[in-house]
Amino acid sequence: MRVAVLYSGGKDSNYALYWALRQGFEVKYLVSMVSESDESYMYHVPNIHLTELQAKAIGIPLVKGFTSGEKEKEVEDMKAVLEGLRVDGIIAGALASEYQKKRVDRVAEELGLESFAPAWHRDPIDYMRELIGIFDIVMVGTAAYGLDESWLGRRIDENALKELVNLHEKYKIHVAGEGGEFETFVRDAPFFKARIVFDEVEKKWSECNYSGVLEVKRAHLEPK
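Residues numbered from 1 in each chain as written. Predicted model: local features only at pLDDT ≥ 70, side-chain atom pairs only at ≥ 80, totals over all residues. Heavy atoms only, no water.

**Here we look at the packing of helix α1 (residues 11–22) against helix α5 (residues 124–134)**
Reasoning step 1: α5 packs onto α1 with a crossing angle of 75° between their chain directions and a minimal axis gap of 11 Å. As far as their axial angle goes, α5 and α1 are roughly perpendicular. Contact residues: α1 offers K11, D12, Y15 and Y18, while α5 offers Y127, M128, E130, L131 and I134.
Reasoning step 2: Taken together, the residues of the contact of α1 with α5 break down into six nonpolar, no polar and three charged. (Axes fitted to C-alpha atoms, helices over the stretch in contact; angles between N-to-C directions. Helix = DSSP H or I, 4+ residues; strand = E, 2+ residues; numbered from the N terminus. Parallel < 35°, antiparallel > 145°, perpendicular 65-115°, else oblique. Contact = heavy atoms within 4.5 Å. Nonpolar A, V, L, I, M, F, W, Y, C, P; charged D, E, K, R; others polar.)

**Notes on the domain arrangement of the protein**
Reasoning step 1: You can read the domains of the protein as domain 1 (2–116) and domain 2 (136–223).
Reasoning step 2: On the side of domain 2, 24 residues touch domain 1, which itself brings 25 residues to the contact.
Reasoning step 3: The interface formed by domain 1 and domain 2 holds zero salt bridges in total.
Reasoning step 4: The tally of links between domain 1 and domain 2 comes to 12 residue pairs in polar contact (both at pLDDT 80 or more).
Reasoning step 5: Mapped by element, the contributors of at least two residues to the side of domain 1 that touches domain 2 are α1 and α2 (51–58).
Reasoning step 6: The biggest single contributor to the side of domain 1 that touches domain 2 is α1, with six residues.
Reasoning step 7: For the side of domain 1 that touches domain 2, the class distribution of residues is 12 nonpolar, 10 polar and three charged. (Domains from an automatic or database assignment. Salt bridge = Lys/Arg side-chain N within 4 Å of Asp/Glu carboxyl O. Polar contact = N/O pair within 3.5 Å; in protein donor to acceptor, adjacent residues only side chain to side chain.)

**Quick notes on the sheet that holds strand β5 (residues 114–116)**
Reasoning step 1: With respect to topology, five strands assemble into an open sheet ordered β3-β2-β1-β4-β5, the strand pairing being parallel. The outermost strands of the open sheet, each flanked by one partner alone, are β3 (62–67) and β5. Direction aside, the axes of adjacent strands within the sheet are offset by 25° on average.
Reasoning step 2: Sheet topology places strand β2 (residues 26–35) next to β3; six bridges connect them, and they run parallel. The residue bridging S35 from the neighbouring strand is T67, located in β3. (Pairing = 2+ DSSP bridges.)

**Regarding α1**
Three or four residues apart is the spacing at which side chains of an α-helix point the same way, because the helix has 3.6 residues per turn.
Reasoning step 1: Helix length check: α1, at 12 residues, gives a terminal C-alpha distance of 16 Å against a target of 16 Å (1.5 Å per residue), a fit within 8%.
Reasoning step 2: With respect to burial, α1 is a largely interior element, nine of its 12 residues being buried.
Reasoning step 3: Within the span of α1, buried status applies to K11, D12, S13, N14, Y15, A16, L17, Y18 and A20.
Reasoning step 4: Where α1 ends, the next residue or the one after it, G24, has phi of about 85°, a positive value. (Expected span 1.5 Å × (residues − 1). Buried < 20%, exposed > 50% of the residue type's maximum accessible area, 1.4 Å probe, protein only.)

**A look at the packing of aromatic side chains**
Reasoning step 1: Overall, the coordinates contain 12 aromatic pairs when judged by the stated rule.
Reasoning step 2: Pairing Y15 with Y18 gives two aromatic rings, centres 6.2 Å apart and planes at 40°, and the pair type is tilted. Here Y15 and its partner Y18 are both found in helix α1, three residues apart, which amounts to about one turn of the helix. Residues Y15 and Y18 agree in their burial class; the two are buried.
Reasoning step 3: Seen from their ring centres, W205 and Y210 are 5.2 Å apart, and the 75° between their planes marks the pair as edge-to-face. Just as W205 is buried, Y210 falls in that class too.
Reasoning step 4: Ring pairing ties together the aromatic residues Y15, Y18, Y127, F135, F191 and F192, which thus form one cluster. (Phe/Tyr/Trp six-rings, centres within 6.5 Å; stacked < 30°, edge-to-face > 60°.)

**Notes on the pattern of salt bridges**
Reasoning step 1: Evaluation of the coordinates by the stated rule reveals 21 salt bridges.
Reasoning step 2: In this structure, K73 engages D77 in a salt bridge whose closest nitrogen and oxygen atoms are separated by 2.7 Å. Residue K73 and its partner D77 are both found in helix α3 (residues 73–82); the two are separated by four residues, about one turn of the helix.
Reasoning step 3: Among the residues examined, D77 registers a relative accessible area of 13% and is labelled buried.
Reasoning step 4: Bridged by salt links that share partners, the residues E76, K79, R106 and E110 form one connected network.

Encoded structure:
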């Protein structure tokens, strides 16, 4: 089956790609939607420009779509990109967002494509533990009480997962960040032919909003 993977560069879209490759699907394209809005309802925003570098590391063509980020219109913008691709299915990294999954499924149905969401309704702790064992994941965005500036740029490992579980018990944040509590970036994966190294980063932290972003200014590929 020829498929396109909705790809943001974060943990969930990389898991979707990992799953597709293990299923033996022919992944023809990675599809990244670039939103002008920081408050996109559908799409990952932090460091979306680095999907080009990730696609180069993976060796799969990247197709970029652009959207103003206007609610619902951004779904149609995705549809316009997908309908130009010769694929049989689309794969998304949805974990718990009914809003996102329903819209991806609807677009797939309208285009006559199969829709897959391999992480859908996985147990968050088990899911995160599996990801930690597969990928090199760093946190690049935070928007929840308990996730202070020190989390920006932090690698998500077993110790970080324990802290996230504690924060869930204390503040009810989603352990996998599916409520928008945090955003991630994958620097290395089994299907990467080279790892991504950050050369220059800038932390942008807002104390009044208790949120922040790790903006990657420069990065390069390093052979494995």
